[in-house]
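# What the coordinates show
Okay, here's what each chain looks like letter by letter:
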Number of protein chains: 2
Amino acid sequence: MQELDATDRRILGALDEDPRLPIMVLAQRLGLARGTVQSRLERMSTSGALRPNSSRVLPAALGRGVAASVSAELDQSHLNEAIAALREIPEVLECHAPAGDTDLLIRVVASSPDDLYRVSEEIRLCPGIVRTSTSMFLREVIPYRTTGLLGG
Amino acid sequence: MQELDATDRRILGALDEDPRLPIMVLAQRLGLARGTVQSRLERMSTSGALRPNSSRVLPAALGRGVAASVSAELDQSHLNEAIAALREIPEVLECHAPAGDTDLLIRVVASSPDDLYRVSEEIRLCPGIVRTSTSMFLREVIPYRTTGLLGG
DNA sequence: ATAAAGTTGGTCAGTCTGATCAAGCTAGCG
DNA sequence: CGCTAGCTTGATCAGACTGACCAACTTTAT
């Protein structure tokens, strides 16, 4: 993966909101040559610095208005199996291994509190997962964003 | 905000990887009329069902290879001030209010463990924030994704 | 049954894309 | 100091795409 420089970030900034902006418009808006913008866009999308487009979709728009965080403790000899099983659950959006007492921190969504119960049960049933603790999000205080990082 | 139907999801699925795919290609790949794809894309981007494009950028590509979760306890009479202050910190990617003992769960990134220390200190200094506990992510086990939800 | 909303397929002028090239700039290196 | 490698620029071309229309048809909800 590649580190994005100031020009890349300016391009991304200008593409915010509308990723289908014509390259020529971008170029003149940023004071760059068309070829420059074109090659940089090309590079960014092949270098793996961007998530798939669908990561832009708000889960709420897909009928999953309930979000939560599940922390899981696991039998570490089955770590890889557990991860593979989690990957199969579509409601699992993200999973991190934090330093500290919990082994995995899992971000999930669901269509309702009741559905959240189902999802967390599915997680509990993954091989290698010993115990889970689910904490539902009452409110999304700051929605996910990267915008501030583009500037610096 | 609008709930996305099966057609919307198919369009989004086809746009994964390359959001600049020509509309005509999309249309014939999905067996839809060009006008349909065009109007749906239009609707999706104006209805607020999508995050800004820059949310696709991996923080690591912006030099923030370290991720962490900060849980904060706060003086609830200053809730709004605290949130406003957090919003000013670019390294704060996301913030949720969970049910339970912690008041806010904050997703942050930083350029190094040392920088993470700085960021969590900045959070601790926000008005209304009483106590924080930072837990660094050793590993991103499952990177953020929504793909699985598009299908169902 | 009927109205509203969404879909389809067609057309149009104007614009954009991707590819390619030669030339200019800049930084790093011997 | 002069060279190379890697970007950037500006230009050109044929071909494809866009956004805006429209009339007709289908679906959905009332």
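Before reading further, recall that the structure is shown in the block above.
Notes on the structure in this doc start here. Per chain, the residues get numbers from 1 upward, laid out in the order the sequence is written. A letter from A marks each chain and a number from 1 marks each ligand, given out in the order of writing. Two thresholds apply to this predicted model, a pLDDT of at least 70 for residue-level local features and 80 or more for giving and counting side-chain atom pairs, whereas whole-chain, interface and lining totals are computed over all residues. Only hydrogens and water are set aside; all other atoms, that is, all heavy atoms of the structure, feed into the side-chain values.

Another aspect to go through is the nonpolar core. In plain words, nonpolar cores are sets of buried Ala, Val, Leu, Ile, Met, Phe, Trp, Tyr and Cys residues tied together by side-chain atoms within 4.5 Å. Three exposure classes are used, based on accessible area relative to the maximum for each residue type with a 1.4 Å probe and protein chains only: buried under 20%, partly exposed in between, and exposed over 50%. If you look at the biggest cluster of nonpolar residues, it comprises 26 residues, and the most contacted ones within it are Leu4, Ile11, Leu12, Leu26, Val37, Leu41 and Met44 of chain A. Among the secondary structure elements, those contributing two or more residues to this core are α1 (6-15), α2 (23-30), α3 (34-46) and α6 (147-151) of chain A. The contact criterion used is simple: two residues touch if any of their non-hydrogen atoms lie within 4.5 Å. Beyond its immediate chain neighbours, meaning those up to four positions away, methionine 44 of chain A contacts Gln2, Leu4, Asp8, Ile11, Leu12, Ala49 and Leu50 of chain A. Residues Leu62 of chain A together with Ala49, Leu50 and Tyr144 of chain B belong to the second largest nonpolar core, which totals 25 residues. Secondary structure elements follow DSSP: runs of H or I no shorter than four residues count as helices, runs of E no shorter than two count as strands, and numbering proceeds from the N terminus.

Think of a salt bridge as a Lys or Arg side-chain nitrogen and an Asp or Glu carboxyl oxygen that are within 4 Å of each other. The tally for this structure, following the rule as stated, stands at 16 salt bridges over all chains. Its salt-bridge partner being arginine 118 of chain A, residue aspartate 115 of chain A comes within 2.7 Å of it at the nearest N-O pair. A residue pair is termed a helical-turn pair when its members lie 3 or 4 positions apart in one helix, as aspartate 115 of chain A and arginine 118 of chain A do in helix α5 (residues 113-124) at three residues. Classification of arginine 118 of chain A by relative accessible area gives partly exposed; the value is 33%. Salt-bridge contacts for glutamate 122 of chain B lead to arginine 118 of chain B; the nearest nitrogen and oxygen are separated by 2.7 Å. One end of the pair, glutamate 122 of chain B, and the other, arginine 118 of chain B, are both in helix α5 (residues 113-124), four residues apart, so they sit about a helical turn from each other. Among the ionic contacts, a cluster of salt bridges with common partners joins Arg64, Glu91, Asp115, Arg118 and Glu122 of chain A.

Right, let's talk about the interface of chain A and chain B for a bit. Facing 67 residues of chain A, the contacting portion of chain B comprises 67 residues. Here the quantity called buried area is the accessible surface, traced with a 1.4 Å probe, that two parts lose on coming together, added over both. Where chain A abuts chain B, roughly 6,700 Å² becomes buried across the two surfaces, and 57% of that area is made up of carbon and sulfur atoms. It is Arg20, Arg51 and Tyr144 of chain A in chain A that bury the most area against chain B; as a group they hold 12% of the surface buried on that side. Connecting chain A to chain B are two salt bridges. Among the salt bridges present, the one from arginine 107 of chain A reaches glutamate 94 of chain B, with a minimum N-O distance of 3.0 Å. If you list the elements that add at least two residues to the side of chain A that touches chain B, you get α1, α4 (79-87), β2 (92-98), β3 (104-110), β4 (129-142) and α6 of chain A. Sort the elements by how many residues they give to the side of chain A that touches chain B and β4 of chain A lands first, with eight residues.

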